Every structure is written in structure tokens, then in C-alpha cells.
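One-letter residues, chain by chain:
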Amino acid sequence: MPRALILGGTADASVLAAEIARVRIDAVYSYGGRTRTPSDQPLPTRIGGFGGVSGLADYIRGEGITHVIDATHPFAAEMSRHAVEACAETKTPLIALERAPWTKVPGDNWIEVADVSAAAAALPEAPAKVFLAIGRQHIAPFATKPQHAYTLRFVDPPEAALPFPADVIVSRGPFTLDGELEMVRARGIAWIVARNSGGDGARAKIDAARVLRLPVIMIARPRLPERMRVESVAEIMQWLGHRTCLGA
């Protein structure tokens, strides 16, 4: 029987955890620890890092893990790289549950950049109201453009001082198009900076930008080592040796 380790923290990972619990596969759900109030899961849960590649490899061996599922955020590059290396070291099968990235459609005004520093450089010099939809770990480069009025949105209130003054919204998605339109209009947002996370839970801000004809600075996903990758929970269940019907 398999014993799976889910590297989670996303809505997709929660759906996967629910399905694995439903069919009673032995599994552990791991949160990286960045969110102070993580969502409850129907599986045994651990919170916090592993201590790098060697720590993750030790955990895999010590807990008798037979399968590792990387269902982290597409921008959690360090954890994903550690998973590839630790699974290679322990000869443990690894699969990634990774949503497809967003693609431009007619009406989108994207400025596509390689990373967060390039996103900060792409902002205009003239002062503007900017919505940084990129998470609190990645905002420091925008201190180089202090002339802008920034709006940030976090799952948890910031514990430490921010590197620049900002309007902080504390809220947990998924977000709706109507809600994003109201937020953007109320704050007079002129620019949106986003990571190409994909999926539906965070897409509404991109749709709102299209409706309002606002420019979006879109940060590309980081490059990761080659690994098996799928886009659906059903494919993960098949990989684990279970046929499943997820229903509506």
C-alpha cells in the first residue's frame, strides 16, 4: 500500500487531500509554514520546513514515504527543487500537480517579465497606484520605486514592517470578478503586478484588468528541473493506483 507525502499549500492540494482521504490512502499533508492560519485538512498534517534536501530525504526514509506529490504553489521553486533532489536520492517516485499557466486572450495588456526585479523595473517612473498581487515574500524589489502608491493583499496581517508604505488588504481567496472590479475601482488602481500562477482562484484580478483595460505586469514561472507533471487530481489518483470519480 502506498504512503504518500503531499507537499501542499494550494487549493489544488486541498482537493487532492480530500480525495485521498475519501479513498483512505495513507498520506501526510505538509504545509511550508508561511501561512499562520492554514486551512484544516482531512489528513495528518505537518507544518514547517524539512531542513533542505537532506532533511526531506531523511523524512521520506523515516516515515516510509513511497510516493511524493508536489502540489505547492508554482512559484515555490525552492521546495520543488528540493523535492526533485530528495526523491532522486531516496529513489522515491515524484509527481507534480501543477495547474496550467494563464495565457493572453484578446483584450489583455500584459508586460511579460522574467522575475520580480524585472517587474519592479517595468513600472513607470511617474507615480501610479499599483496592486502588487505577488505575496509578502516578494515585495522588497518594489522599494526601488517608492513614488508609487501600493496596494498589497495578504492571507495574514504582516508581522514585520513593510519595506515601503502600502495599503494592506488581509483576505483569503478565491476572489470573484465583481469583488476584484470593486477593489480596483475603489482604490483607483492603474497597474497590476501578478505572478502567472494559473488556476481559477486568483484569476479574477486578471479578468478585472481586462475589463478595465489596465496593464498587467505578468511574472513568468521559475524554471524547474524535469519531473513528471499533471494538471488534475484524477491523474494523481491514477498514478497512486486508484481509479476515482471526483463528481461535480
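An account of the accompanying structure is given in this report. (Residues numbered from 1 in each chain as written. Predicted model: local features only at pLDDT ≥ 70, side-chain atom pairs only at ≥ 80, totals over all residues. Heavy atoms only, no water.)

1. With respect to the pairing of strand 10 (residues 191–195)
Heads up, the rule is: Residue exposure (1.4 Å probe, protein chains only): buried if accessible area is under 20% of the type maximum, exposed if over 50%, otherwise partly exposed. Under the DSSP-based scheme used, a helix requires at least four consecutive residues in state H or I and a strand at least two consecutive residues in state E, with every element numbered from the N terminus. When DSSP finds at least two bridges between two strands, those strands are taken to pair.
Judged by how many residues are buried, strand 10 sits mostly within the fold: five of five residues are covered. Here strand 10 shows no split at all, with Trp191, Val193 and Arg195 on one side and Ile192 and Ala194 on the other all buried. Pairing of strand 7 (residues 129–133) with strand 10 involves four bridges; the strand directions are parallel. Paired with Leu132 across the two strands is Val193, which belongs to strand 10. Where strand 10 and strand 11 (residues 215–219) come together, four bridges link them in parallel fashion. Among the inter-strand pairings, Arg195 is bridged to a residue of strand 11, identified as Ile219.

2. Let's talk about unusual backbone geometry
The backbone phi angle of Lys91 is positive, close to 55 degrees, even though this residue is not glycine. In this fold, Lys91 is placed in the loop between helix 3 (77–90) and strand 5 (94–97). Lys91 gets classed as exposed once you look at its relative accessible area, which sits at 74%. A positive phi angle, close to 60 degrees, is found at Arg213, a residue other than glycine. With respect to the element layout, Arg213 can be found in the loop between helix 6 (204–212) and strand 11.

3. A short note on the packing of aromatic side chains
So the rule is basically this: Whether two aromatic rings pair depends on their centres lying within 6.5 Å, for rings of Phe, Tyr and Trp, where Trp uses its six-membered ring; planes under 30 degrees apart make the pair stacked, over 60 edge-to-face, and the rest tilted. A positively charged side chain is recorded as over a ring if its NZ (Lys) or CZ (Arg) lies within 6 Å of the ring centre. The angle to the ring normal must also be within 35 degrees.
Enumeration according to the criterion identifies four aromatic pairs in this entry. Measuring from ring centre to ring centre gives 5.2 Å for Phe50 and Tyr59, while their planes differ by 65 degrees; the resulting arrangement is edge-to-face. Here Phe50 matches Tyr59 in class, with each residue buried. Taken together, a centroid distance of 6.1 Å and an interplanar angle of 70 degrees make the contact between Phe142 and Tyr150 edge-to-face. Pair check on accessibility: Phe142 and Tyr150 agree, each one buried. We note Arg153 situated over the ring of Phe175; from NZ or CZ to the ring centre the distance is 3.6 Å.

4. Structural notes on the sheet that holds strand 4 (residues 67–70)
Rules: The axes are straight lines fitted to the C-alpha atoms, using for helices just the contacting stretch, and the angles between their N-to-C directions are given from 0 to 180°.
Strand order in the open sheet made by the six strands is 3-2-1-4-5-12, with parallel pairing throughout. Each end of this open sheet is capped by a strand with a single partner; those strands are strand 3 (45–47) and strand 12 (228–230). Within this sheet the neighbouring strands show an average axis-to-axis angle of 25 degrees, counted without direction. Bridging between strand 4 and strand 5 involves three bridges; their strand directions are parallel. Bridged to Ile69 within strand 5 is Ile95.

5. A closer look at the packing of helix 2 (residues 52–62) against helix 3
Formally: Convention used here: angles under 35 degrees read as roughly parallel, angles over 145 as roughly antiparallel, angles from 65 to 115 as roughly perpendicular, and any remaining angle as oblique. A clockwise turn of the near helix away from the far one marks a right-handed crossing, whereas an anticlockwise turn of less than a right angle marks a left-handed crossing. Note on contacts: a residue pair qualifies if any of its non-hydrogen atoms lie within 4.5 Å across the two residues. The residue classification treats Ala, Val, Leu, Ile, Met, Phe, Trp, Tyr, Cys and Pro as nonpolar and Asp, Glu, Lys and Arg as charged. All others, Gly included, are polar.
Relative to each other, helix 2 and helix 3 sit at 55 degrees, their axes nearing to 8 Å. Taken together, the axis directions place helix 2 and helix 3 in an arrangement best described as oblique. You can see that helix 2 and helix 3 cross each other, and the crossing is right-handed. For the pair helix 2 and helix 3, contact is made by Gly52, Val53, Leu56, Ala57, Ile60 and Arg61 and by Met79, His82, Ala83, Glu85, Ala86, Cys87, Glu89 and Thr90, respectively. Of the residues belonging to the contact of helix 2 with helix 3, the class tally is eight nonpolar, three polar and three charged.

6. Notes on empty space enclosed by the protein
Stated formally: Note on definitions: the grid is 1 Å and covers protein atoms alone; a cavity is a set of points where a 1.4 Å probe fits but cannot get out; a pocket is an open set with protein on both sides within 12 Å along at least five of seven lines; lining residues have an atom within 4 Å of a point. Grid points are joined across faces, edges and corners, and a volume is the space filled by probe spheres set on the points.
A complete count under the given rule lists two cavities of 30 Å³ or more for this structure. Roughly 50 Å³ of volume is contained in the largest cavity. Lining the largest cavity are Asp70, Ala71, Thr72, His73, Pro74, Ser80, Ala96, Leu97, Glu98, Leu224 and Arg227. In terms of residue class, the lining of the largest cavity is built from five nonpolar, three polar and three charged. Considered as a void within the structure, the second largest cavity measures approximately 40 Å³ in volume. In terms of lining, the second largest cavity is formed by Thr10, Asp12, Ala71, Thr72, Pro74, Leu97, Glu98 and Arg99.

Read these as layout, nothing more, since geometry by itself doesn't imply function.
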